[in-house]
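Residue-level listing of the chains:
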Amino acid sequence: MTGSTIRPLRQSDRPHWERLWTGYLEFYKTSVPAAVYDTTFARLLGDDPQDFHGLIAEVEEKPVGLVHFVFHRHCWRIENVCYLQDLFADPNMRGQGIGRKLIEGVYAAADTAGVQNVYWMTSEDNHVGRRLYDRVGQVSNFIKYQRPA
């Protein structure tokens, strides 16, 4: 998409980030307490390279998408890997390349950090997102399990 930029999250982005992240959480039919918003935003702006990182997509200087990612160790590699945890574009911006640019922003950050492996998960029924992911990624044969609530 022309006229869009991807940049690191800034402190002044809090209201826009909160709106976008709320949209992401609503997409997955969940919510989190205000304390999680505060903690997550602080982690995204932290100095620790092992902590979370955030990028914002802008069109005409208006934030329209976000991505969160974290570098972490892996037992099968010496170098870190990168987990792309959250990706969201305003619904009215979908299909315009915002998601792709955000993923490419994570790829670029991983390359800068010397990290080859970037991975993410999505809901099986996220058909729109998966059309993009099939173009910019490769499906693995792993299935996610988690501890019961």
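In this report, the structure presented in the accompanying data block is examined. Within every chain, residues take consecutive numbers counted from 1 along the sequence as written. A pLDDT threshold of at least 70 governs which residues receive local features in this predicted model, and a stricter bar of 80 or more applies before side-chain atom pairs are shown or counted, although totals over entire chains, interfaces and linings include all residues. Calculated side-chain values reflect all of the structure's heavy atoms, with hydrogen atoms and water omitted.

Before going further, it helps to examine the pairing of strand β2 (residues 52–59). Relative accessibility under 20% of the residue-type maximum defines a buried residue, over 50% an exposed one, and the middle range a partly exposed one, all with a 1.4 Å probe and only protein chains included. For helices the rule is a DSSP run of H or I covering at least 4 residues; for strands it is a run of E covering at least 2, with both sets numbered from the N terminus onward. With 6 of 8 residues buried, β2 lies mostly within the body of the structure. Any two strands are treated as partners once DSSP identifies two or more bridges connecting them. Across 5 bridges, strand β1 (residues 4–8) lies against β2 in antiparallel orientation. Following the sheet pairing, I6 is matched in β2 by A57. Bridge analysis of β2 against strand β3 (residues 62–72) gives 8 bridges, and the strand direction is antiparallel. Across the sheet, L55 pairs through a bridge with V67, a residue of β3.

This brings us to the environment of D134. In this fold, D134 is placed in helix α4 (residues 127–136). Overall, D134 belongs to the exposed group, its relative accessible area being 51%. With 93 residues separating them along the chain, D134 and F41 place their C-alpha atoms 29 Å apart.

Let us now look at the packing of aromatic side chains. For this analysis, a ring pair means two rings from Phe, Tyr or Trp (six-membered ring only for Trp) whose centres lie within 6.5 Å, classed as stacked if their planes differ by under 30 degrees, edge-to-face if by over 60, and tilted for the remaining angles. Inspection of the entire model under this criterion finds 10 aromatic pairs. Aromatic pair F27 and Y28: ring centres 4.9 Å apart, planes at 85°, arrangement edge-to-face. The partly exposed category is assigned to F27, whose relative accessible area is 36%. When its relative accessible area of 29% is taken as the criterion, Y28 is described as partly exposed.

Between two packed helices, what matters for the description is the angle formed by their axes and the separation of those axes. Orientation of helix α3 (residues 98–112) relative to α4, taken along the N-to-C sense of each, is 45°, at an axis distance of 10 Å. One way to sum up the angle between α3 and α4 is to call them oblique. The handedness of the crossing between α3 and α4 comes out as right-handed. Side by side, α3 and α4 meet where G99, R100, I103 and Y107 of the first sit next to L132, Y133, R135 and V136 of the second. In this classification, the charged set is Asp, Glu, Lys and Arg, the nonpolar set is Ala, Val, Leu, Ile, Met, Phe, Trp, Tyr, Cys and Pro, and all remaining amino acids, among them Gly, are polar. Looking at the contact of α3 with α4 residue by residue, the class counts come to 5 nonpolar, 1 polar and 2 charged. A fitted line through C-alpha atoms serves as each axis, taken over the contacting stretch for helices, and the angle formed by two N-to-C directions is quoted from 0 to 180°. Comment on the angle field: the value is read as roughly parallel under 35 degrees, roughly antiparallel over 145, roughly perpendicular from 65 to 115, and oblique elsewhere. Here is the rule for handedness: rotate from the far helix to the near one, and if that takes an anticlockwise turn smaller than a right angle the crossing is left-handed, while a clockwise turn gives right-handed. Two residues form a contact once any of their heavy atoms are found within 4.5 Å.

Let's shift gears to the pattern of salt bridges. Criterion for a salt bridge: a side-chain nitrogen of Lys or Arg within 4 Å of a carboxyl oxygen of Asp or Glu. Counted according to the given criterion, the structure contains 7 salt bridges. The partner of D13 in a salt bridge is R7, and the shortest N-O contact between them spans 2.7 Å. For the salt bridge of R19 with D90, the shortest nitrogen-to-oxygen distance reads 2.9 Å. Residue R19 is located in helix α1 (residues 14–27), and its partner D90 is located in the loop between β4 (81–89) and α3; the two are separated by 71 residues in the primary sequence.

A few words now on the environment of P15. Within the fold, P15 resides in helix α1. Residue class for P15 comes out exposed when judged on its relative accessible area of 57%. Considering only alpha carbons, one finds P15 and Y37, 22 residues apart in sequence, at a separation of 11 Å.

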